[in-house]
Each structure stands twice: as C-alpha cells, then as structure tokens.
Amino acid sequence: MFVYMMYPNIKSAAVQWINWFKESVFFRKLFLLVFVTVIILFRTLLNRDMWANPLSDIMGGWTLHDKDGELTTEAIENFFMLAPFVFLLFWTYKDKLFKRVRLKGVLVCSFGSAFFCSLSIEFLQLLLRLGTFQLSDIVYNTLGGITGGLVYWFFYRLLRK
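Being a predicted model, the structure only gives us computed values, none of them experimental. Positions within a chain are numbered from 1, following the residues in the order the chain's sequence is written. Under the rules for a predicted model, residues below a pLDDT of 70 receive no local features and side-chain atom pairs below 80 are neither given nor counted, while totals for whole chains, interfaces and linings still include all residues. Side-chain numbers come from the whole structure's heavy atoms, not from hydrogens or water.

A. Expanded view of the nonpolar core. Judged by nonpolar contacts, the single largest core of 16 residues is most densely connected at I40, F85, F90 and F98. The helix count covers DSSP runs of H or I at least four residues long, the strand count covers runs of E at least two residues long, and both are numbered beginning at the N terminus. Put simply, the parts of the chain that give this core at least two residues each are α3 (25-46), α5 (83-92) and α7 (103-128). Contact partners of F90, with chain neighbours within four places excluded, come to L97, F98, V106, C109, S110, S113, G149 and Y152. We call a set of buried Ala, Val, Leu, Ile, Met, Phe, Trp, Tyr and Cys residues a nonpolar core when their side-chain atoms join them within 4.5 Å. Whether a residue is buried, partly exposed or exposed follows from its accessible area with a 1.4 Å probe, protein chains only, as a fraction of its type maximum: under 20%, in between, or over 50%, in that order. Contacts are assigned to residue pairs that have any heavy atoms within 4.5 Å of one another.

B. Quick peek at the packing of α7 against helix α8 (residues 135-160). Contact geometry for α7 and α8: axes closest at 8 Å, N-to-C directions at 145 degrees. Like other packed secondary-structure pairs, α7 and α8 cross with a definite hand, here right-handed. Taken together, the residues of α8 that come into contact with α7 (itself represented by L103, V106, L107, S110, F111, A114, F115, S118, L119 and E122) are D137, I138, N141, T142, G145, I146, G149, L150 and W153. Gly counts as polar in this scheme, as do all residues outside two lists: the nonpolar Ala, Val, Leu, Ile, Met, Phe, Trp, Tyr, Cys and Pro, and the charged Asp, Glu, Lys and Arg. Taken together, the residues of the contact of α7 with α8 sort by class into 11 nonpolar, 6 polar and 2 charged. Lines fitted to C-alpha atoms define the axes here, with helix axes fitted over just the stretch in contact, and angles between the N-to-C directions of these axes take values from 0 to 180 degrees. The crossing is said to be left-handed when, going from far helix to near helix, the turn is anticlockwise and less than a right angle, and right-handed when the turn is clockwise.

C. Main features of the layout of surface pockets. As a volume, the largest pocket reaches approximately 550 Å³. Only protein atoms enter the 1 Å grid used here. Points where a 1.4 Å probe fits but cannot escape make up a cavity, open sets with protein on both sides within 12 Å along at least five of seven lines make up a pocket, and a residue lines them when an atom lies within 4 Å of a point. What lines the largest pocket is a set of 26 residues, among which D57, E74, T132, Q134 and D137 lie closest to the centre. If you list the elements that add at least two residues to the lining of the largest pocket, you get α3, α4 (74-81), α7 and α8. For the lining of the largest pocket, the residue count by class is 4 nonpolar, 13 polar and 9 charged. Within this model, the second largest pocket holds a volume of roughly 250 Å³. Around the second largest pocket, the lining comprises 14 residues; the ones closest to its centre are K29, W91, K94, Y152 and Y156. Contributing elements (two or more residues each) for the lining of the second largest pocket: α3, α5, α6 (94-97) and α8. Among the elements that take part in the lining of the second largest pocket, α8 stands out by supplying 5 residues, more than any other. Looking at the lining of the second largest pocket residue by residue, the class counts come to 8 nonpolar, 1 polar and 5 charged. Grid points are joined across faces, edges and corners, and a volume is the space filled by probe spheres set on the points.

D. Spatial organisation of the packing of aromatic side chains. Stacked, edge-to-face and tilted labels apply to pairs of Phe, Tyr and Trp rings (six-membered ring for Trp) whose centres lie within 6.5 Å, assigned for plane angles under 30 degrees, over 60, and everything in between, in that order. A full pass over the atoms with the stated rule returns 19 aromatic pairs. Where F87 meets Y152, the ring centres are 6.1 Å apart and the plane angle is 70 degrees; that geometry is what we call edge-to-face. Of the two residues, F87 is situated in helix α5 and Y152 in helix α8; the sequence distance between them amounts to 65 residues. A residue is classified by how much of its surface remains accessible, and F87, at 23% relative accessible area, is partly exposed. Taking 6.5 Å as the distance between ring centres and 80 degrees as the angle between the ring planes, the aromatic pair formed by F87 and F155 counts as edge-to-face. Here F87 is found in helix α5, whereas its partner F155 is found in helix α8, with 68 residues between them in sequence. Exposure remark for F155: the relative accessible area of 38% places this residue in the partly exposed category.

E. Focus on the pattern of salt bridges. Salt-bridge detection follows one rule: a side-chain nitrogen of Lys or Arg within 4 Å of a carboxyl oxygen of Asp or Glu. Applying the stated criterion across every chain yields a total of 2 salt bridges. The salt bridge involving E77 is made with R43; its shortest N-O contact spans 2.4 Å. Of this pair, E77 sits in helix α4 while R43 sits in helix α3; the two residues are 34 residues apart in sequence, bridging distant segments of the chain. Look at E77 and you get partly exposed, because its relative accessible area is 34%.

F. Representation of unusual backbone geometry within the structure. Backbone geometry places R129, a non-glycine residue, at a positive phi of 55 degrees. Under the relative-accessibility criterion, R129 is labelled partly exposed at 37%.

Keep in mind these numbers describe shape, not what the thing actually does.
Put into structure tokens, the structure is as follows:
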C-alpha cells in the first residue's frame, strides 16, 4: 500500500529503493539487519509444522545427539543463530545503544537483546505450537548473541585504532 500511494508504478519504487541502497550506508545496514531477522523468523516460526505438545521436550537439545543417538546440529545452529543479529543490531544502531562502546556495556546489551529475542521466539513457539519450547535453545541463543556482541566490540576496537 505504501508503494501504491507513494509511487505511480513498481518500477519507480524499485528505482527509488536502489538509489537509497546506493546512497545511504544506514539503509544498507538496516537492510542487512532486516534480512537476518527474516531468516531467523523463517527458521524458528514461519516455516514450522504444528506440534501437538510443545512442552514435550523442555530439557532436550543440550548435546549433539538426539534421543535416538543420531548426530544433530541443533545446538550449533542455536548458538550461531543470534550472533549475526546482535552484531548487525549494534552496527546499525551503535549511536542509539551506546554512549561509549565499552566491553561491559556491549556484554550487558548483547545479553539482554539476545535473551529477550530468544525468549520471545520460544514463547511464540509455545503459544502458536510451532515447535518445542526448550531451555537449551534460550541458553545457546543467548550465548551466541553474546558472541556476536564480542565480535562487534572486537571489530569496533580494531577499526578505531
């Protein structure tokens, strides 16, 4: 509807979007952040089957093997899922999140944002019955988010010198 009201046709809207993408660094950062967010949502909520009992395996998912002894990458995926999200969040909104970029502030903010996002995803999975609610997912996502914050802090310090 925005495109319909603001632009006479889709071609002029696409041209305007490409111009914003070429000219604005913030627009490119925001595009990457939205892209990663959409990937996370597709992986966790949008592309899931309904579960009869989402509370069937609350304490599962801590190891690299499932109940049948088969190798699974779920723990690794959960660890790395929020790292790029937190990194891009800090990179895009550094001025709004931090007065000064310090390690303690980055750790606290990355813990809070990763924990809140992971908890939101898990509760939505529980309420919408789109997967299982697992505490291991929250822990691994939060640790991955903290890792993304540390990577951001490292690159910030490296590029500042």
